[in-house]
Amino acid sequence: MQFLTRVLPSFLVSWLLTFSLASLFHSQYVVNQLVNIGVEVKFADRLQLTQEDWLGLLPTYGAIIAIAFLIAFPVTAWLARKWDKYRTQLYVAGGITAFVIALVAIESIMNINIIAGARGWGFYAQLLAGAIGGWIFAKISTVLSTSKTNP
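Residues numbered from 1 in each chain as written. Predicted model: local features only at pLDDT ≥ 70, side-chain atom pairs only at ≥ 80, totals over all residues. Heavy atoms only, no water.

Under an unreviewed UniProt entry, the name given to the protein chain is DUF2177 family protein, and the organism recorded is Thalassotalea euphylliae.

Rendered as structure tokens:
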């Protein structure tokens, strides 16, 4: 029951926010690279590209992020049981680690970085998305845990 009331909602919210941020960071990195070479990109075009990227990346990058979190968060939960005092920091580190491993694995396996927004400084923006996802998971799961124990 704890899975349905605490873990699953926390996971879904953190995954959706993380994917949305990662997609946004990707889109803006790509647009910024175009602007850097002199292409004029209107604000409306930025919004449209961001929306199209979100929808286009959802089945692939969204699934990759979900799988990375499905591996990282149980490991993090195990560590958090040992060091409960550092629970939030561990989940932040777990989110970052999930992204590092996923992005490096994709590049190693495919011999190309298919997430254009994860090149250069965009790589660190992707890690920020992972950190925020881990932080959100830690906070929501803590709130849901305490709300279930304190009726």
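Next comes the rest of the write-up.
Draft legend 1. Spotlight on the nonpolar core. Counting residues in each nonpolar core, the largest one holds 29 residues, and the members touching the most others are Phe11, Tyr61, Ile65, Phe69, Phe73, Tyr91 and Phe99. Broken down by element, the residue count for this core peaks at 10 residues, all from helix H2 (residues 43–82). (Core = buried A, V, L, I, M, F, W, Y, C linked by side-chain atoms within 4.5 Å. Buried < 20%, exposed > 50% of the residue type's maximum accessible area, 1.4 Å probe, protein only. Helix = DSSP H or I, 4+ residues; strand = E, 2+ residues; numbered from the N terminus.)

Draft legend 2. Main features of the packing of aromatic side chains. In the structure shown here, the tally under the stated rule is 11 aromatic pairs. Measuring from ring centre to ring centre gives 6.2 Å for Phe69 and Phe99, while their planes differ by 65 degrees; the resulting arrangement is edge-to-face. Remark: Phe99 occurs in helix H3 (residues 87–110) and Phe69 occurs in helix H2; sequence separation between them is 30 residues. Taken individually, Phe69 and Phe99 each receive the classification buried, so the pair is uniform in this respect. (Phe/Tyr/Trp six-rings, centres within 6.5 Å; stacked < 30°, edge-to-face > 60°.)

Draft legend 3. Broad picture of H3. The terminal C-alpha atoms of H3, which comprises 24 residues, lie 34 Å apart, in line with the 34 Å expected from a rise of 1.5 Å per residue. Of the residues making up H3, those classed as buried are Arg87, Thr88, Leu90, Tyr91, Gly94, Gly95, Ala98, Phe99, Ala102, Leu103 and Ile106. Once H3 ends, the next one or two residues include Asn111, with phi positive near 65 degrees. (Expected span 1.5 Å × (residues − 1).)

Draft legend 4. Layout of the environment of Ile136. Mapped onto the elements, Ile136 comes out in helix H4 (residues 121–149). Looking at Ile136, the relative accessible area reads 15%, which means it is buried. Sequence spacing of Ile136 and Val13 is 123 residues, and the spatial spacing of their C-alpha atoms is 7.9 Å. Residues contacting Ile136, with those up to four places away along its chain left out, are Val13, Ser14 and Leu17. (Contact = heavy atoms within 4.5 Å.)

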